[in-house]
Amino acid sequence: MTQRAKIDTGGGGDGPGGEPPADPSGTATGAATATAPVVHRPGGLTAAEVAERVARGEINDVPLRSSRSTADIVRANVFTRFNAIIGVLWVIMLCVAPIQDSLFGFVIIANTGIGIIQELRAKKTLDGLAVIGEAKPTVRRDGAAVEISTSEIVLGDLIELGPGDKVVVDGEVAEADSLEVDESLLTGEADPVVKKPGDRMMSGSFVVAGGGAFTATKVGREAYAAQLAEEASRFTLVHSELRSGISTILKYVTWMMVPTAIGLIISQLVVKDNDFKNSIARTVGGIVPMIPEGLVLLTSVAFAIGVIRLGRKQCLVQELPAIEGLARVDVVCLDKTGTLTEGGMDVTALKPLNGADEAYVRKVLGALGESDPRPNASLQAIIDAYPDSVDWRCTESLPFSSARKYSGAAFSEGDGENSTWLLGAPDVLLPAGDPALAEVDRLNEQGLRVLLLARTAHDLDSPEVGKDARATALVVLEQRLRPDAADTLAYFADQNVAAKVISGDNAVSVGAVAGKLGLAGAENTVDARTLPAGQEDMAKVLDENAVFGRVTPQQKRDMVAALQSRGHTVAMTGDGVNDVLALKDADIGVSMGSGSEATRAVAQIVLLNNSFATLPSVVAEGRRVIGNITRVATLFLTKTVYSVLLAILVVVCQVEYPFLPRHLTLLSTLTIGVPAFFLALAPNKERAKPHFVRRVMRYAIPAGTIAAAATFTTYLLARHHYTGPGALDAETSAATLTLFLVSMWVLAIIARPYTWWRIALVATMGGAFLLVLVVPWLQHFFALKLVGVTMPWTAVAIAAAGAAVLEFTWRWVGRRFPA
């Protein structure tokens, strides 16, 4: 059988060019690259012509950026507000105090270095995966179709298109075979645009039906594609409550820190008549712990390690906080085909209707299969089952569209007869009450997919092409279930994430498939054609049901919006062009690696191994990041609270600040720095909860207040207990002991629920502090020596009382202010 003829248009001149395509607003983007008319060459450019254009720089040289550059990563980690403050204080301490009091500066350098290394590792993972998932457009060169990288396209290339292909550069249609293009990502209009030879093609649009080819008229940075590519592939952040919450906290910390630090400086340098260098050291010792500098670093490290872990599972996270977003999801919308089922299908039965001859029907199906150069999974199964008859010739074709639910073709049968056929959804092509629909329902209830072959008397371009079509046969197909789909659905059910199966297929058939996979509520299916149009009414139906069939692409988008209107955080999975709009509107879009280019372009997460079973790993990684950062943020901000309060108490009471920088460096390392690193990377399956700032501060404020009160009480008692030379060092040691013990109790609470390694972590930190107290050279290095028996035991008693109050307060806050 001969393929349907391609339409070829000619043009004058010998070079590509033409007017610049307009952007959606109607404003031309960039200057024209050539003024000669566009020439469409059916065979494409020759190797010599390509080399000539490369030499002239007429290449699509838009850089592929899937992550921040190395310079951006270094800059973001080094040049921070708090690093600047600490850097100045560090220089001061290096000048006026022993090296022990400058340890905090070396810790910051080490932490920043760790942050840079981890982000660079994440960048390497992201960039490597992005190359794997990069679109490979097909171009014709020297008369042959070849796949090349997007960056290898040159001006004048003839680029072939099929369903699901993304338009990567601006151009002009050269060949069109029922070509329909979705420009919704540019214009917001959901209706596909029919393209004919000579029409403009806009980068960022994608093919939803039909096929063809277009000539590249603008490439590189001059094309509209460049602007979209820069925006789409740049390191961007979806909304992250974690990041925005931390930014909010840091803003308030800065406001509190500045006046408190000024008051402390005046108090220590002017009011108190002490040794100048010692006063400076104690002033710096009061300012440094107010800064939760490690919190931002640890968040970045946690995200970076999450990307690396998921990368090993062939999961491309195109926007880092998408990990967090999926962990917050409470509704996941699943497209059946490609998600719950594998792409392939098998024809299991052919049922002729109305006395049709089966041999003739087989010929029709064979011819229909050959009429589409890019068959979908259903048509490919038909092609495999029914070989083409060489004496049939396709004269016209209508490609499958998810909006229409059918495809078609007109044939010259070789014996002088002409016929026009449609192949698609029986409940769309047949009127309600048709006897064949009863048989279709029976098959659908078994989870089988059924297509209707019907003969029509209308032309394919007629709006009434499906009207009065004569049913000729039912083609029964069996879908291959993904072996991991049942376990994945069970995981979501266990995690209280509602799964909604949304498909363009027959609702009963979709329900049967979902039922085989154990989805709760699969027996109650909804035909989307009966869904109410109002958002509120639609949301109610969506909340009450789990399986929806005969959903159009626009309805998928409406369903996502309806769920979001009820406060749901929605994830959408899909692989076909009919999923693009919904993926774009969902809070988190998840695409299969084998999905269309357009689908991969708008998704935040791409499963390169096409395994739906990878999703639980992404959810788990997000929950680990959010849950653990919430834990360690409480540690960091408890330190900020007690540091600010201690500084205020010192100013009010007009006494020396009790600590040197070395004391708080030791405390921060043992009660926050080292434990936080391990806790931030630990497994955590707790479901992500909203209101990050409130959840952290409701514990950090009372914990910091109790720690400050207990510490200052010990310090005041020690000032009355010790006299003479060395009294201040003894007072500092007693206060340090109390603060360490209370801080350890905060750590012990944060580490719950206990496992062997968490208990070992807390015990190791306590043992390290005990080592400092008993080893003479460490006593000297950290200026910590407990004097006598009375005051050290008093410090322990006050710490124990503080721990008891802390435990009671922690539990009361949990009941009084639930998250």
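Above this note sits the structure.
Residues numbered from 1 in each chain as written. Predicted model: local features only at pLDDT ≥ 70, side-chain atom pairs only at ≥ 80, totals over all residues. Heavy atoms only, no water.

> Looking at this model, I keep getting lost on the overall build of the protein chain. Mind explaining?
Looking only at helices and strands, one finds 27 helices and 21 strands in the protein chain. Sequence separation of 24 or more characterises 73% of the internal contacts of the protein chain that already satisfy a separation of 6 or more. Of the roughly 32,600 Å² of accessible surface on the protein chain, 59% is carried by carbon and sulfur atoms. (Helix = DSSP H or I, 4+ residues; strand = E, 2+ residues; numbered from the N terminus. Contact = heavy atoms within 4.5 Å. Areas by Shrake-Rupley, 256 points an atom, 1.4 Å probe, with all protein chains shown as cover.)

> Would you mind showing me how to read unusual backbone geometry here?
A negative phi angle is the norm for most residues apart from glycine, just as the trans form is the norm for most peptide bonds. For the peptide bond that leads from Arg752 to Pro753, omega is -5°, which places it in the cis range. Relative to the helices and strands, Pro753 resides in the loop between helix H24 (727–750) and helix H25 (756–774). Even without a glycine there, the phi angle at Asp142 is positive, about 55°. Along the chain, the position of Asp142 falls in the loop between strand S1 (138–141) and strand S2 (144–147). Notably, Lys405 is not glycine yet its phi reads approximately 80°, a positive angle. A residue is classified by how much of its surface remains accessible, and Lys405, at 9% relative accessible area, is buried. (Buried < 20%, exposed > 50% of the residue type's maximum accessible area, 1.4 Å probe, protein only.)

> When you look at the packing of helix H22 (residues 661–680) against H25 in this model, what are you seeing that I'm missing?
Any two packed helices are characterised by the angle at which their axes cross and by the distance between the axes. Two elements in contact, H22 and H25, have axes whose closest approach is 10 Å; the angle formed by their N-to-C orientations is 160°. By the criterion of interaxial angle, the relationship of H22 to H25 is roughly antiparallel. Classified by chirality, the crossing of H25 by H22 is right-handed. Contacts between H22 and H25 involve Leu666, Leu667, Leu670, Val674, Pro675, Phe678 and Leu679 from the first element and Trp757, Arg758, Leu761, Met765, Ala768, Phe769 and Val772 from the second. Looking at the contact of H22 with H25, its residues break down into 13 nonpolar, no polar and one charged. (Axes fitted to C-alpha atoms, helices over the stretch in contact; angles between N-to-C directions. Parallel < 35°, antiparallel > 145°, perpendicular 65-115°, else oblique. Left-handed = near helix turned anticlockwise from the far one by under 90°. Nonpolar A, V, L, I, M, F, W, Y, C, P; charged D, E, K, R; others polar.)

> Help me understand the sheet that holds strand S21 (residues 605–607), please; the structure alone is not making it clear to me.
Strand-to-strand pairing in sheets goes through backbone hydrogen bonds, with the strands running parallel or antiparallel. Read from one edge of the open sheet, eight strands run S8-S21-S20-S19-S9-S16-S18-S17, paired in mixed fashion. Where the open sheet ends on each side, the last strands, each with one partner, are strand S8 (315–317) and strand S17 (525–527). Taking the axes of each pair of neighbouring strands and ignoring which way they run, one obtains an average angle of 20° across the sheet. As paired elements, S17 and strand S18 (residues 547–549) share three bridges and run parallel to each other. Bridged to Asp527 within S18 is Gly549. Lying over the sheet, helix H18 (residues 553–565) contacts strand S9 (331–334), strand S16 (498–502), S18 and strand S19 (570–574), oriented at roughly 160° with respect to S19. (Pairing = 2+ DSSP bridges.)

> Just to check I follow, could you spell out the packing of aromatic side chains for this structure?
The geometry of an aromatic ring pair comes down to the distance between the two centres and the angle between the two planes. Summed over all chains, the structure comprises eleven aromatic pairs. Taking the centre distance of 6.1 Å and the plane angle of 55° together, the rings of Phe712 and Tyr715 count as tilted. One end of the pair is Phe712 and the other is Tyr715, both in helix H23 (residues 692–721) and three residues apart, which spans about a single turn. Using a relative accessible area of 5% as the deciding quantity, one classes Phe712 as buried. Seen from their ring centres, Phe740 and Phe769 are 3.9 Å apart, and the 10° between their planes marks the pair as stacked. In this pair, Phe740 sits in helix H24 while Phe769 sits in helix H25, placing the two residues 29 residues apart along the sequence. Since its relative accessible area comes to 3%, Phe740 is described here as buried. Classification of Phe769 by relative accessible area gives buried; the value is 4%. Through a chain of ring-to-ring contacts, the aromatic side chains of Tyr360, Trp392, Phe411 and Trp421 assemble into a single cluster. Note that Lys251 overlies the ring of Tyr252, its terminal NZ or CZ placed 5.5 Å from the centroid. (Phe/Tyr/Trp six-rings, centres within 6.5 Å; stacked < 30°, edge-to-face > 60°. Lys NZ or Arg CZ within 6 Å of the ring centre and 35° of its normal.)

> Hey, could you run me through the pattern of salt bridges in this one?
Counted by the stated rule, this structure contains 22 salt bridges. Of the charged contacts in the structure, one is a salt bridge between Glu536 and Arg566, with a shortest N-O distance of 3.0 Å. With a gap of 30 residues between them, Glu536 in helix H17 (residues 535–544) and Arg566 in the loop between H18 and S19 connect regions that are remote in the sequence. Here Arg566 falls in the partly exposed class, since its relative accessible area comes to 36%. Across the pair Arg557 and Asp585 runs a salt bridge, and its minimum N-O distance is 2.5 Å. You can see Arg557 sitting in helix H18 and its partner Asp585 sitting in helix H19 (residues 580–585), a full 28 residues away along the chain. Since its relative accessible area comes to 17%, Arg557 is described here as buried. Sharing partners across several salt bridges, the network here consists of Asp427, Asp527, Arg529 and Arg550. (Salt bridge = Lys/Arg side-chain N within 4 Å of Asp/Glu carboxyl O.)

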